[in-house]
Amino acid sequence: MKELFDKLSYQCSHKVTSMYSTSFSLAVKMLSPKIQKDIYAIYGFVRFADEIVDTFHDYDKEVLLDEFENDLYKAIDRGISLNPILNAFQEVVNKHHIETDLIDHFMKSMRADLYKTEYQSVKEYKDYIYGSADVVGLMCLKVFVQGDQKRYDELKDPAMKLGSAFQKVNFLRDLKDDTEHLQRSYFPHIQGGIIDGVVKDQIIEEIDQDFKDAYAGILQLPIEAKFGVYTAFIYYRKLLRKLTVTKASEIKEKRIRISNPMKMFLLTKSFVNYKLNLL
């Protein structure tokens, strides 16, 4: 009956994705059905780790993260876990030969959120983004290329650039919550939690370059993955455009969002571009 439990595990990861992120869930639905469940499994794992450090304020986060990490590596070694989220993830890790180094770096960045509140140097900032976002892009890329190591090596840099762009957009969008509720400041550009127009433009220029560097890689993705990744790309680039025209003072005071009707418009636009071979 292991097959039934594995099916349930993937369904749990799917449910986590749909409940926590409507935009990412929409993008995953645009992937080929044969790779969707593996991406849901990666997201479920990433989301649970993130929830521990970001939201479980009434509990000992370090103990929870320690237990989660220990169970994670046991699951990968054993090929099973009674935690459905970890069970689905370990299967993806073992099936696609996802390097432990990627997982180690992810957990390192999650652990940093337990105690680190400010990233004052560019190196600290880049190291955190590599662990929290770039490696997630590489895990997904492992699924996309289905064992084609040559293709993986060719697309590795663009995949990391896309992960960086997504994370930096999240940082800018969530600036209010991060600084007020989590007492964190990820951008070394921002000192004392103060962002002005010059600093905002500098951050946006940096993100824009990441998107440009990532786009060439999207064009080379396998057909099973291209439309879904492009959909996420379009959504985050639109969010960046909205942040671009928003005053720095407003970004500090409220979370910028994309409305559901706009999300559907962007999905339609992505589909038209895809069908007309414009990407």
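As the structure is a computational prediction, the values presented were derived from the model and not from experiment. All residue numbers refer to positions counted from 1 along the written sequence of the respective chain. Totals for whole chains, interfaces and linings use every residue, but because this is a predicted model, local features are given only for residues with pLDDT of at least 70 and side-chain atom pairs only at 80 or more, for both listing and counting. The basis for every side-chain value is the complete set of heavy atoms in the structure, and neither hydrogens nor water enter the calculation.

## Digging into the overall build of the protein chain
Point 1. Broken down by element type, the protein chain carries 13 helices and zero strands.
Point 2. Secondary structure elements are taken from DSSP: a helix is a run of H or I of four residues or more, a strand is a run of E of two residues or more, and numbering for both begins at the N terminus. Its helices and strands in sequence order give the protein chain the pattern α-α-α-α-α-α-α-α-α-α-α-α-α, from N to C terminus.
Point 3. In terms of overall dimensions, the protein chain is globule-like: its C-alpha atoms have a radius of gyration of 18 Å, near the 19 Å expected for 279 residues.
Point 4. Over its C-alpha atoms, taken along the principal directions, the protein chain stretches across nearly 55 × 50 × 35 Å.
Point 5. Burial classes: relative accessible area under 20% of the type maximum marks a residue as buried, over 50% as exposed, and values in between as partly exposed (1.4 Å probe, protein chains only). For the protein chain, the proportion of its 279 residues judged to be buried stands at 53%.
Point 6. For the protein chain, contacts bridging at least 24 residues in sequence account for 71% of all contacts bridging at least 6. Every radius of gyration here is taken over C-alpha atoms, with the globule rule written as 2.2 Å times N^0.38, N being the number of residues. Throughout, a residue-residue contact means that at least one pair of heavy atoms, one from each residue, lies within 4.5 Å.

## Structural notes on the nonpolar core
Point 1. In these notes, a set of buried Ala, Val, Leu, Ile, Met, Phe, Trp, Tyr and Cys residues joined through side-chain atoms within 4.5 Å is what counts as a nonpolar core. Membership of the largest hydrophobic core comes to 83 residues, with the highest contact counts inside it found for I42, F45, F106, F144 and F211.
Point 2. Counting residues per element, this core draws most heavily on helix 7 (residues 122-145), at 13 residues.
Point 3. If we skip the residues at most four places from it in the chain, F45 touches F68, L72, I85, L86, F89, I103, F106 and M107.

## A word on empty space enclosed by the protein
Point 1. Cavity and pocket criteria rest on a 1 Å grid covering protein atoms alone: a 1.4 Å probe that fits but cannot get out defines a cavity, protein on both sides within 12 Å along at least 5 of 7 lines defines an open pocket, and an atom within 4 Å of a point defines a lining residue. Grid points are joined across faces, edges and corners, and a volume is the space filled by probe spheres set on the points. Summed over the entire model, instances satisfying the criterion amount to one cavity of 30 Å³ or more.
Point 2. Quantified by volume, the largest cavity comes out at close to 30 Å³.
Point 3. Lining the largest cavity we find F171, L175, D178, R184, S185, Y186 and F187.

## Some points on the packing of aromatic side chains
Point 1. When the centres of two rings from Phe, Tyr and Trp lie within 6.5 Å, Trp using its six-membered ring, the rings pair. Their planes under 30 degrees apart give stacked, over 60 give edge-to-face, and anything left gives tilted. Scanning the entire structure with this criterion turns up 17 aromatic pairs.
Point 2. Relative to Y43, the ring of F24 has its centre 4.9 Å away and its plane inclined at 20°; by these criteria the two rings are stacked. In this pair, F24 sits in helix 2 (residues 22-29) while Y43 sits in helix 3 (residues 33-55), placing the two residues 19 residues apart along the sequence.
Point 3. For F24, a relative accessible area of 28% puts it in the partly exposed group.
Point 4. For Y43, a relative accessible area of 12% puts it in the buried group.
Point 5. Both rings, one in Y230 and one in F233, keep their centres 6.1 Å apart while their planes meet at 20°; by these two values the pair is stacked. Here Y230 and its partner F233 are both found in helix 11 (residues 223-244), three residues apart, which amounts to about one turn of the helix. Each member of the pair, Y230 as well as F233, is classed as buried.
Point 6. Among the aromatic residues, ring-to-ring pairing joins F166, F211, Y215, Y230, F233, Y235 and Y236 into one connected group.
Point 7. Seen from the ring of Y119, K116 lies directly overhead, with NZ or CZ sitting 5.2 Å from the centre.
Point 8. Geometrically, a charge over a ring is one whose NZ (Lys) or CZ (Arg) sits within 6 Å of the ring centre while staying within 35 degrees of the ring normal. Over the face of the ring belonging to Y152 we find K142, whose NZ or CZ atom lies 4.5 Å from the ring centre.

## Considerations on the environment of K142
Point 1. Along the chain, K142 turns up in helix 7.
Point 2. The sequence separation of K142 and H97 amounts to 45 residues, and the corresponding C-alpha distance is 7.9 Å.
Point 3. When near neighbours in sequence (up to four residues on either side) are disregarded, K142 contacts H96, H97, I98, E99, G147, Q149 and Y152.

## Observations regarding the side chain of D208
Point 1. Note that D208 resides in helix 10 (residues 197-219).
Point 2. On the basis of relative accessible area, D208 is assigned to the buried category, the value being 19%.

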